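Commentary on secondary and tertiary structure
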Amino acid sequence: MAVKKREKDLTFWERIYIPEIVKGLSLTLKNMFKPKFTMKYPEEKFIPPASYRGRPVLVMEENGEERCVACGLCSRVCPALAIEVQAGETEREKERYPEKFEINMIRCIFCGFCEEVCPEEAIVMSKDYELAFSKREEAIYGKDKLLVPVHQVQDRIDFLRSYK
Amino acid sequence: MNIWELILISLIKILLTVTVMLLTVSYLVYFERRISAWAQNRLGPNRVGWQGVLQPFADVLKLLLKEDIVPVVANKPIHTLAPIIALFVAFTTYAVIPIGGTLSILGYSIPLVVADINIGILYVLALTSLGVYAITFAGWSSGSKYSLLGGIRSSAQMISYEISMGFSIGGVLLFAESLRPYAIVQSQGALLWNAWIQPLGFITFVVSAFAETNRLPFDLPEAEPELVGGFHTEYSSMKFAGFFLAEYANMIIASAMIVTLYLGGYNLPFINVDLLGLSNILVILIQVLSFLIKTAALLFFFIWVRWSLPRFRYDQLMNLGWKVMFPLSLINIIWVAALIMIFKL
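Structure report, in brief. (Residues numbered from 1 in each chain as written. Chains lettered and ligands numbered in written order. Predicted model: local features only at pLDDT ≥ 70, side-chain atom pairs only at ≥ 80, totals over all residues.)

Another aspect to go through is the overall build of chain B. Tallying secondary structure elements over chain B gives 12 helices and two strands in all. Along the chain direction, N to C, the helices and strands of chain B fall in the order α-α-α-β-β-α-α-α-α-α-α-α-α-α. In summary, chain B has a C-alpha radius of gyration of 21 Å against a globular reference of 20 Å for 345 residues, a match within 12%. Dimensions of chain B, computed from C-alpha atoms along their principal axes, come out at roughly 60 × 50 × 45 Å. Within chain B, buried positions represent 43% of all 345 residues. Across chain B, the fraction of contacts at a sequence separation of at least 24, relative to all contacts at a separation of at least 6, is 78%. (Helix = DSSP H or I, 4+ residues; strand = E, 2+ residues; numbered from the N terminus. Rg over C-alpha atoms; globule rule 2.2 N^0.38 Å. Buried ≥ 20, exposed ≤ 12 C-beta atoms within 10 Å, placed from the backbone. Contact = placed C-beta atoms within 7 Å.)

Written as structure tokens, this is what we have:
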């Protein structure tokens, strides 16, 4: 076994502790008067950068239609099996739309695979991190809660494009 | 002064002391949290009431409402007895510490101490050593290995540090030639505080006081990372609160003892209040204030040290206690004896 030798012994002043203790105490005293990092949460809120992965949302075009074509890739790739999609037919140009789109927010692990795999940029991660439920049923988000106008998630879409 | 008046005055003094102690203890917990937060660039509890000043009451209410859990393997009577001993020791010790001179009011002369007994220091030493039993009992009766380890560490630590503590008090007693706390305070006066005359004894006493109160850097009996919660792992609800209160009450006693023995008690530094020709009430007020400010400063020091220094390892603790603190306190006694011989103090 290789014996690792100490680089140097403590000097006499280091060994009687007291100067070192004074050094440590002065450091903490200095820090007591420094500005605090705490964010006073309900009054001040943290605004995350575009790279932040918050609650996944569905993108809604300006005319009120969803981008999603219900291909089911997101539901397929989801490691936590949180997404459920049911496709339906429509007269619109894209021909398909999700009749039902549900994300179980208790299961979601915010990995962002769904937005990575989406061919239509229809599901993206938003900046919303305030997710609290008082019932399990409330945690299942349907289309009413998931659809978000495109301008609200535009910086996330731009961020995704810059990395693709 | 007949017996009934004496009893009444004593009861008032006891009531005042206990109330002030309890309030100080709960606010000490609050300040511990605030100061620790400031030292770490945080804010700490500031929501309950203005700047969080009602936080202690919320904490106590929470602890009262918690379920009291006793482990199946625990020795129930001793498990219950332990926090009672801890609290008893913490609150009775304060009886002999004078917070001011003699107050003359309505024809009575009342010394501002609950019990002015001539073996005061011995009484404090005796009771604080009883405190070991609380922790050892708690550790042993819980029926948990972590608690047991905490209890064993605590008894070993307290026994080894009590020796250097006793010897450093010896230096003070040589000067005062009395065990009466009043005599010790008066022997120091405004100038010759024991902290200046015998700095070695002062340092050893402060370090031993840290060890006796189980505060960091010597909080091995609780050592959270290694022993879960140490001796109070298996305690909950008000029994846990008992240990918690006792720890902080011990801190107050340690600071009050340091003030009495080494920092001139209720005396002002460099100014003899008795010679200023003020009325009795004013003198007493100044004395009590100076005592309280000194104690508060020491309490701040206790908290400040806790959030600055890392914990000692067990063998380092024993090394320090037996190989450094003990000889240093002996040297201090010789130093004081030499001083007395040379200057005929």
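More follows now that the structure is in view.
On to the packing of helix 1 (residues 3-39) of chain B against helix 10 (residues 237-262) of chain B, then. All names here are of chain B. Contact geometry for helix 1 and helix 10: axes closest at 9 Å, N-to-C directions at 105°. The angle between the axes of helix 1 and helix 10 places the two elements in the roughly perpendicular class. Where helix 1 abuts helix 10, its residues M21, T24, V25, L28 and V29 lie against L245, Y248, A249, M251 and I252. Of the residues belonging to the contact of helix 1 with helix 10, the class tally is nine nonpolar, one polar and no charged. (Axes fitted to C-alpha atoms, helices over the stretch in contact; angles between N-to-C directions. Parallel < 35°, antiparallel > 145°, perpendicular 65-115°, else oblique. Nonpolar A, V, L, I, M, F, W, Y, C, P; charged D, E, K, R; others polar.)

In a soluble, globular protein the nonpolar side chains are often hidden away together inside. Core analysis: the largest hydrophobic core is formed by 74 residues, its most contacted members being F205, A249, M257 and I258 of chain B. Each residue touching M257 of chain B, except ones within four places of it in the same chain, is listed here: I97, V124 and A209 of chain B. Core analysis: the next-biggest nonpolar cluster, separate from the first, contains 21 residues, V57, A82, C118 and M125 of chain A among them. (Core = buried A, V, L, I, M, F, W, Y, C linked by C-beta atoms within 7 Å.)

Residues and elements named next belong to chain B. With 26 residues, helix 10 should reach 38 Å at 1.5 Å per residue; the first-to-last C-alpha distance of 38 Å fits that figure. Taking burial as the measure, the 26 residues of helix 10 include 22 buried ones, the bulk of the element. The positive-phi residue at the C-terminal boundary of helix 10 is G264, with phi of around 75°. (Expected span 1.5 Å × (residues − 1).)

A word on the sheet that holds strand 2 (residues 83-89) of chain A. Residues and elements named next belong to chain A. Across the sheet, three strands lie side by side as 2-3-5; this open sheet has antiparallel pairing. Strand pairing shows two members of the sheet lacking a second neighbour, strand 2 and strand 5 (140-141), which therefore form its edges. In the sheet, strand 3 (residues 96-104) pairs with strand 5 via two bridges, with the strands oriented antiparallel. Bridging from a neighbouring strand, I103 pairs with Y141 of strand 5. (Pairing = 2+ DSSP bridges.)

With 10 residues of chain A in contact, the opposing surface of chain B contributes 10 residues. For the side of chain A that touches chain B, the per-class residue count stands at four nonpolar, four polar and two charged.

All names here are of chain A. Taken in spatial order, the three strands make up an open sheet running 4-1-6, and their pairing is mixed. Where the open sheet ends on each side, the last strands, each with one partner, are strand 4 (123-125) and strand 6 (147-149). The mean inter-strand angle of the sheet, taken between neighbouring strand axes irrespective of direction, is 55°. Note: strand 1 (residues 56-60) against strand 4, three bridges, orientation antiparallel. Note on strand 4: the bridge partner recorded for V57 is V124.

So, on to unusual backbone geometry. Backbone geometry at F110 of chain A places phi at a positive 55°, although glycine is not the residue there. Tracing the backbone through its elements, the reader meets F110 of chain A in the loop between strand 3 and helix 4 (113-117). With 15 C-beta atoms packed within 10 Å, F110 of chain A lands in the partly exposed category. Unlike most non-glycine residues, N41 of chain B shows phi in positive territory, near 60°. You can see N41 of chain B is positioned in the loop between helix 1 and helix 2 (55-65).

Residues and elements named next belong to chain A. The residue I103 is located in strand 3 in this model. Assessed through the 28 C-beta atoms surrounding it within 10 Å, I103 is described here as buried. Distance from I103 to I83, taken between C-alpha atoms, is 4.6 Å for residues 20 residues apart in sequence. In this view, I103 contacts P56, A82, I83, C108, Y141 and L146; residues no more than four positions away in its chain are not counted.

Moving on: the pairing of strand 2 of chain A. Residue and element names in this part refer to chain A. Note: strand 2 against strand 3, seven bridges, orientation antiparallel. Paired with G88 across the strands is Y97, a residue of strand 3. In this structure, the hairpin formed by strand 2 and strand 3 is closed by a connection of six residues, where E95 is found at a positive phi of approximately 70°.

This part covers helix 5 (residues 145-176) of chain B. Between its first and last C-alpha, helix 5 of chain B extends 46 Å over 32 residues, near the 46 Å set by a 1.5 Å rise per residue. Positive phi shows up at E177 of chain B, right after helix 5 of chain B, with a value of about 55°.

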